[in-house]
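Here's the letter readout for the chains.
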Amino acid sequence: MSDDLDAILTSDEVLTPSPGFAPSVMRDVRRTSDLAALTRFPWFLFAGGLIGGALCLYFGATLFLEDHLEELSLRGIAAWAETVSLSCWSYALFSTLVLVGSLLVVRFTIELTSE
Amino acid sequence: MSDEQDARDVNRVLSGDVNAFEGIVRRWQRQIVTLAFRFCRDRERAEEMAHVAFLRAFRALGQWRGQGAFGGWLHSVAVNVYRSEMRRNRLLMLSLDCMVDGMVPRNETSSDPDADRKEFVRYAVSTLPARYRDTIILFYFQRMDIRETARCLKVAEGTVKARLHRGRARLRKILGPLLEEDASGRENE
């Protein structure tokens, strides 16, 4: 029995796919590839946005400090540092949340549309 | 199958020439569809599963970095797809009793007198618990050695040996009475 079983398990069995199999796979491959091209993450735009955001932060911080220079100078350097760092951190946090949210939206869109 | 051709086609696809993937599909379609058939024992479903396997391989093509044969990597991807499909569609696998009762068509077109016995055994393999089924399919049907089977299934080599041993024991237990009936039936003809 065990020799029989071994012989059967190792016997050859090959299936020839139907003629339309390869063309049908390639149709879906091309569709997947076109979809990926449409929804590819716009890295250049993202980099541009990042640089723009950094410049806005710089100029905004400069303007803010100019307007409140007198007030802050009365309260000392420690107050300056605290105010500047708070505004920078909150801007950075907000920007990070927006970026992460955008990445997740793009990722889920690709997943949903490629199923 | 040429490893160089596979590597060339993979590089072309990754450079943006999607049509180069057709060469990979045509070279490997027979093996990948046959492997799927060994899991599900249904031709139409085998082609559907193989279709999904090729799409998954296309999307993950960048992960093959030329380490090891492309065929081995493609088989790994296909096996993962087939195992998920079999887990998801567990209820669609009929029990062995259905084959005995004639609900699953036997191999009537083959000229091999042992065709029915072989089909019994192969069908019985597909009804085994997944860990034994997958190991037996890769080791016996796909002719992989212990190391390749272990790598494909991501288990230790000792685990593969144990599963082969237990899988065969289960098959002997299930098939023993059926094959004895079949043999005595043929003797009485």
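Our subject in this report is the structure included herewith. (Residues numbered from 1 in each chain as written. Chains lettered and ligands numbered in written order. Predicted model: local features only at pLDDT ≥ 70, side-chain atom pairs only at ≥ 80, totals over all residues. Heavy atoms only, no water.)

### Details of the overall build of chain B
Thinking step 1. When you go through chain B residue by residue, the secondary structure sums to nine helices and zero strands.
Thinking step 2. Each helix and strand of chain B, ordered N terminal to C terminal, gives the series α-α-α-α-α-α-α-α-α.
Thinking step 3. Scored against the burial criterion, the 189 residues of chain B give a buried share of 50%.
Thinking step 4. Residue pairs at least 24 apart in sequence account for 63% of intrachain contacts in chain B once pairs closer than 6 positions are excluded.
Thinking step 5. With an accessible surface of roughly 10,000 Å², chain B has 46% of that area assigned to carbon and sulfur atoms. (Helix = DSSP H or I, 4+ residues; strand = E, 2+ residues; numbered from the N terminus. Buried < 20%, exposed > 50% of the residue type's maximum accessible area, 1.4 Å probe, protein only. Contact = heavy atoms within 4.5 Å. Areas by Shrake-Rupley, 256 points an atom, 1.4 Å probe, with all protein chains shown as cover.)

### Regarding the packing of helix 2 (residues 21-40) of chain B against helix 7 (residues 130-141) of chain B
All names here are of chain B.
Thinking step 1. It is the contact of helix 2 with helix 7, at a shortest axis distance of 10 Å, that shows an interaxial angle of 140°. Relative to helix 7, helix 2 is oriented oblique. With respect to the hand of their crossing, helix 2 and helix 7 are arranged in right-handed fashion. Across from Leu-35, Arg-38 and Phe-39 in helix 2, the residues of helix 7 making contact are Arg-133, Asp-134, Ile-137, Leu-138 and Phe-141.
Thinking step 2. Looking at the contact of helix 2 with helix 7 residue by residue, the classes come out as five nonpolar, no polar and three charged. (Axes fitted to C-alpha atoms, helices over the stretch in contact; angles between N-to-C directions. Parallel < 35°, antiparallel > 145°, perpendicular 65-115°, else oblique. Left-handed = near helix turned anticlockwise from the far one by under 90°. Nonpolar A, V, L, I, M, F, W, Y, C, P; charged D, E, K, R; others polar.)

### Looking at unusual backbone geometry
All names here are of chain B.
Thinking step 1. Despite not being glycine, Arg-41 shows a phi value in the positive range, around 55°.
Thinking step 2. Within the element layout of this structure, Arg-41 appears in the loop between helix 2 and helix 3 (43-59).
Thinking step 3. Backbone geometry at Arg-143 places phi at a positive 55°, although glycine is not the residue there.
Thinking step 4. Checked against the element boundaries, Arg-143 lands in the loop between helix 7 and helix 8 (146-153).

### Focus: the interface of chain B and chain A
Thinking step 1. Facing the 37 residues of chain B at the interface are 28 residues of chain A.
Thinking step 2. Roughly 3,200 Å² is buried in total at the junction of chain B and chain A, and carbon and sulfur atoms are behind 62% of that figure.
Thinking step 3. The partner of Glu-22 of chain B in a salt bridge is Arg-30 of chain A, with the nearest N and O atoms 3.8 Å apart.
Thinking step 4. One can count seven residue pairs in polar contact (both at pLDDT 80 or more) joining chain B with chain A.
Thinking step 5. By residue number, the principal contributor to the side of chain B that touches chain A is helix 2 of chain B, which donates 10 residues.
Thinking step 6. Its residues assigned to classes, the side of chain B that touches chain A comprises 17 nonpolar, five polar and 15 charged. (Buried area = accessible area lost by both parts, 1.4 Å probe. Salt bridge = Lys/Arg side-chain N within 4 Å of Asp/Glu carboxyl O. Polar contact = N/O pair within 3.5 Å; in protein donor to acceptor, adjacent residues only side chain to side chain.)

### Brief notes about the pattern of salt bridges
All names here are of chain B.
Thinking step 1. Applying the stated criterion across every chain, the model contains nine salt bridges over all chains.
Thinking step 2. Two residues, Asp-17 and Arg-12, come together in a salt bridge whose shortest N-O distance is 2.8 Å.
Thinking step 3. Given a relative accessible area of 40%, Arg-12 falls into the partly exposed group.

### Describing a positive patch on the surface
Residue and element names in this part refer to chain B.
Thinking step 1. Residues Arg-131, Arg-166, Arg-170 and Lys-173 make up a contiguous surface patch of positive charge.
Thinking step 2. In terms of residue count, the dominant contributor to the positive patch is helix 9 (residues 157-188) (three residues).
Thinking step 3. Mapped onto the fold, Arg-170 is located in helix 9.
Thinking step 4. The class of Arg-170 is partly exposed, set by a relative accessible area of 38%. (Patch = residues over 30% accessible without salt bridge, like charges linked within 9 Å, V, L, I, M, F, W, Y side chains within 5 Å. Lys, Arg positive; Asp, Glu negative; His and termini not counted. Charge placed at Lys NZ, Arg CZ, Asp CG, Glu CD.)

### Here we look at the packing of aromatic side chains
Thinking step 1. For the structure shown, the criterion picks out seven aromatic pairs over all chains.
Thinking step 2. Here a set of aromatic residues connected by ring pairs shows up, and it is made of Phe-21 of chain A together with Phe-21, Phe-54 and Phe-58 of chain B.
Thinking step 3. Note that Arg-131 of chain B overlies the ring of Tyr-132 of chain B, its terminal NZ or CZ placed 4.7 Å from the centroid. (Phe/Tyr/Trp six-rings, centres within 6.5 Å; stacked < 30°, edge-to-face > 60°. Lys NZ or Arg CZ within 6 Å of the ring centre and 35° of its normal.)

### Some points on the nonpolar core
Nonpolar side chains in soluble globular proteins tend to be buried together.
Thinking step 1. If you look at the biggest cluster of nonpolar residues, it comprises 64 residues, and the most contacted ones within it are Phe-21 and Tyr-82 of chain B.
Thinking step 2. In terms of residues, this core owes the most to one element, helix 2 of chain B, which gives 11 residues.
Thinking step 3. When neighbours within four sequence positions are excluded, Phe-21 of chain B is seen to be in contact with Met-26 and Val-29 of chain A together with Val-13, Phe-54, Phe-58 and Leu-61 of chain B. (Core = buried A, V, L, I, M, F, W, Y, C linked by side-chain atoms within 4.5 Å.)

### Digging into the environment of Leu-61 of chain B
All names here are of chain B.
Thinking step 1. Checked against the element boundaries, Leu-61 lands in the loop between helix 3 and helix 4 (70-88).
Thinking step 2. For the pair formed by Leu-61 and Phe-21, sequence separation is 40 residues and the distance between their alpha carbons is 9.9 Å.
Thinking step 3. With residues near it in sequence (within four places) discarded, Leu-61 still touches Val-10, Val-13, Leu-14, Phe-21, Phe-70 and Trp-73.

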